[in-house]
Amino acid sequence: MNTLVASIGFRNVLAHEYGHVDAGEVYESLQTGLGVYTTYSQQIAQWVQSHP
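Residues numbered from 1 in each chain as written. Predicted model: local features only at pLDDT ≥ 70, side-chain atom pairs only at ≥ 80, totals over all residues. Heavy atoms only, no water.

Here we look at the overall build of the chain
For the chain, the count of helices and strands is three helices and zero strands. The linear arrangement of helices and strands in the chain, starting from the amino end, is α-α-α. Computed over the C-alpha atoms, the radius of gyration of the chain is 14 Å, more than 25% above the 10 Å expected from 2.2 N^0.38 for a compact globule of 52 residues. By its C-alpha atoms, the chain is 45 × 20 × 15 Å across when sized along the principal axes. By the burial criterion, 8% of the 52 residues in the chain qualify as buried. In the form shown here, the chain has an accessible surface area of approximately 4500 Å², with 59% of it arising from carbon and sulfur atoms. (Helix = DSSP H or I, 4+ residues; strand = E, 2+ residues; numbered from the N terminus. Rg over C-alpha atoms; globule rule 2.2 N^0.38 Å. Buried < 20%, exposed > 50% of the residue type's maximum accessible area, 1.4 Å probe, protein only. Areas by Shrake-Rupley, 256 points an atom, 1.4 Å probe, with all protein chains shown as cover.)

Re the confidence of the model for the chain
Of the residues in the chain, 98% have a pLDDT of 70 or more, and the chain-wide mean is 84. Per-element confidence in the chain is highest for helix 3 (residues 35-50), whose mean pLDDT is 89, and lowest for helix 1 (residues 2-16), whose mean pLDDT is 80. (pLDDT = per-residue confidence, 0-100.)

Considerations on helix 1
Taking 1.5 Å of rise per residue, the 15 residues of helix 1 would be expected to cover 21 Å, and the 21 Å separating its terminal C-alpha atoms lies within 8% of that figure. Those residues of helix 1 lying buried are Leu4, Ser7 and Phe10. End-on, the buried residues of helix 1 take up no more than an arc of 115 degrees, which puts them together on one face. In helix 1, those exposed residues whose orientation departs by more than 90 degrees from the buried face are Asn2 and His16. Buried-residue contacts for helix 1 involve helix 2 (23-32) and helix 3. (Expected span 1.5 Å × (residues − 1). Arc of directions from axis to C-beta. Contact = heavy atoms within 4.5 Å.)

Okay, here's the thing in structure tokens:
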């Protein structure tokens, strides 16, 4: 959950402070941080299946 919260925070930086974004930081986040969305979507799918 902490990684998802961190990614939301990073999205906020990209959306609201895009003039001050470090390109290296964006690249690093894209290389290492996208797995959180796969995990999150799998957990949501499991929850939906268990709550008909």
